[in-house]
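Residues per chain are reported as follows:
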Amino acid sequence: MNTKKDHNSATAGMVTEVSGASYIVISEDGTEFRARTFPGTKTDNGDTSLVAVGDRVELKLIETGTALFEAVIAFVQPRTSALTRKREVRRNRSKEKTQVIAANIDQLVVVVSAYDPLLSTRLIDRYLVFAESEQLETIIVVNKMDLEDSPETRELMKPYKALGYTIFYTSAEEQRGMKRLKKALAGKLSAFSGHSGVGKSTLINQLFGHERLKTGETNEKTGKGLHTTSNSVMLLLPGGGYIIDTPGIREFNLSDITRENLRFYFKEFLTFMPDCTYSSCTHTVEPGCAIQGAVESGLIDSERYESYLAIYDSIDQQS
Ligand SMILES: Nc1nc2c(ncn2[C@@H]2O[C@H](COP(=O)(O)OP(=O)(O)OP(=O)(O)O)[C@@H](O)[C@H]2O)c(=O)[nH]1
Ligand SMILES: [Mg+2]
Ligand SMILES: [Zn+2]
């Protein structure tokens, strides 16, 4: 058992759970603390969430006794990355605030299913654009392979393999491919994301070998209502590494992706772009476009290019 540190001593840790203004912080030696912020909490992270799941923080421990909190957060370390979403400011509905869903993520795990819902490469491409724009490492998990293990499924994934993305074929139902996935998650902070129903929660429960997501919502230690309204939880994997189940991409803040910078997030475009006739080429309709040329000669996958056009069209020109 871990013993609590001395009164008033400082310690460092990572936020694994957020519930309103209270946080669970796990210290480097594995001790869990209930913590809160206070007016003196310092950060250089700008005008976003003060504290988010995944944040590395410095704690100042306080006298516990019967108090609900065991520590205050003195300092929030600068974030290496932040998955964010836009939220209306409650008192001023026309205003939006950037809310951090998860900080310091090492990799995005894009989960799709081979069947039910049908595998959509358009959706994969949207996730990859987002991951590239955030400079996140990405792995793709094709789940429910027990339902549809056809050559077509692997054929659809070929362009992604060629682009260097790691792909795992799994069946959470039949526990296939789980060992390799577990290995890829070890020692990292990973965010799971994907369409509803693809099996994210089932996969995560399989990784734990028991139903962890439900128990994650109620804290075994305190047994208090503190965690019932929790909206994101980071789970420590038995083999090391943390995972977080995030909302789908519709919830993500994509406002940094514009018609002008979208081209850079299709990484196979980069080598061809300098050869376009017009330096301002949007790679949509221009004559002498090297991207369109590469698509025609099969050097760029035509489905990927279709995704580029679809995302391009979907981006509001004003934003
Ligand atoms: N056949 C089969 N069914 C699966 C597999 N993985 C999950 N399912 C089923 O798919 C359904 C959805 O799974 P969830 O794990 O809840 O999906 P999710 O991605 O967490 O969905 P949201 O929480 O809505 O985003 C459940 O009925 C699961 O039992 C699998 O590998 N094979
Ligand atoms: Mg789920
Ligand atoms: Zn072009």
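Rules behind the numbers
Residues numbered from 1 in each chain as written. Chains lettered and ligands numbered in written order. Predicted model: local features only at pLDDT ≥ 70, side-chain atom pairs only at ≥ 80, totals over all residues. Heavy atoms only, no water. Helix = DSSP H or I, 4+ residues; strand = E, 2+ residues; numbered from the N terminus. Buried < 20%, exposed > 50% of the residue type's maximum accessible area, 1.4 Å probe, protein only. Donors = N, O, S within 2.8 Å, 3.2 Å for Na, K, Ca; no water. Tetrahedral: all angles 85-135°; square planar, octahedral: opposite > 155°, others 65-115°. Near = heavy atom within 4 Å. Polar contact = N/O pair within 3.5 Å; in protein donor to acceptor, adjacent residues only side chain to side chain. Areas by Shrake-Rupley, 256 points an atom, 1.4 Å probe, with all protein chains shown as cover. Nonpolar A, V, L, I, M, F, W, Y, C, P; charged D, E, K, R; others polar. Core = buried A, V, L, I, M, F, W, Y, C linked by side-chain atoms within 4.5 Å. Domains from an automatic or database assignment. Contact = heavy atoms within 4.5 Å. pLDDT = per-residue confidence, 0-100.

1. Focus: the environment of Ser 255
Working step 1: In this structure, Ser 255 sits in the loop between strand 14 (242–245) and helix 6 (290–296).
Working step 2: The exposure class assigned to Ser 255 is partly exposed, which follows from its relative accessible area of 35%.
Working step 3: C-alpha of Ser 255 to C-alpha of Ile 315: the two residues are 60 residues apart in sequence and 9.1 Å apart in space.

2. Some remarks on the coordination of the zinc ion (ligand 3)
Working step 1: Donor atoms from the polypeptide that coordinate the zinc ion (ligand 3) comprise Cys 276 (SG), Cys 281 (SG), His 283 (ND1) and Cys 289 (SG), at 2.1 to 2.4 Å from the metal.
Working step 2: Geometry at the zinc ion (ligand 3) is tetrahedral, judged from the four donor atoms that bind it and their angles of 100 to 114° at the metal.
Working step 3: The sequence pattern describing where the donors of the zinc ion (ligand 3) fall on their chain is C-x4-C-x1-H-x5-C. Comparing Cys 276 with His 283, the two get one shared label, buried.

3. Focus on the site of ligand 1
Working step 1: The environment of ligand 1 is made up of 15 residues, and the closest members are Asp 146, Ala 172, Ser 196, Lys 200 and Thr 202.
Working step 2: Between ligand 1 and Ala 172 there is a distance of 2.8 Å, counted from an oxygen atom to a backbone nitrogen or oxygen.
Working step 3: The contact in question runs from an oxygen atom of ligand 1 to an N or O atom on the side chain of Ser 196, over 2.5 Å.
Working step 4: Coverage of ligand 1 by the protein amounts to 66% of the 660 Å² it exposes when considered alone.
Working step 5: Sorting elements by how many residues they give to the shell around ligand 1 places helix 4 (residues 200–208) first, with three residues.
Working step 6: In terms of residue class, the shell around ligand 1 is built from three nonpolar, eight polar and four charged.

4. Let's talk about the nonpolar core
Nonpolar side chains in soluble globular proteins tend to end up buried together.
Working step 1: Counting 47 residues, the largest nonpolar core has Leu 59, Val 142 and Met 157 as its most contacted members.
Working step 2: Here this core gets six residues from one element, more than from any other, and that element is helix 1 (residues 121–133).
Working step 3: No fewer than three residues from each of domain 1 (10–79) and domain 2 (102–251) sit in this core.
Working step 4: If sequence neighbours within four positions are ignored, Val 142 has contacts with Val 112, Ser 113, Ala 114, Leu 119, Thr 153, Met 157, Ile 167, Phe 168, Tyr 169 and Thr 170.

5. Overview of the confidence of the model for the protein
Regions with low pLDDT should not have their predicted coordinates read in detail.
Working step 1: Taken residue by residue, the protein gives an average pLDDT of 86. The fraction at 70 or more is 85%.
Working step 2: When the elements of the protein are averaged for pLDDT, helix 5 (residues 212–217) gives the smallest value, 44, and helix 6 the largest, 98.
Working step 3: For residues 1–7, every residue scores under 50 in pLDDT, and the model assigns this stretch 13 contacts once sequence neighbours within four places are set aside.
Working step 4: Under a pLDDT of 50 for its full length, residues 214–230 has, in the predicted model, 23 contacts with residues more than four places off or in other chains.

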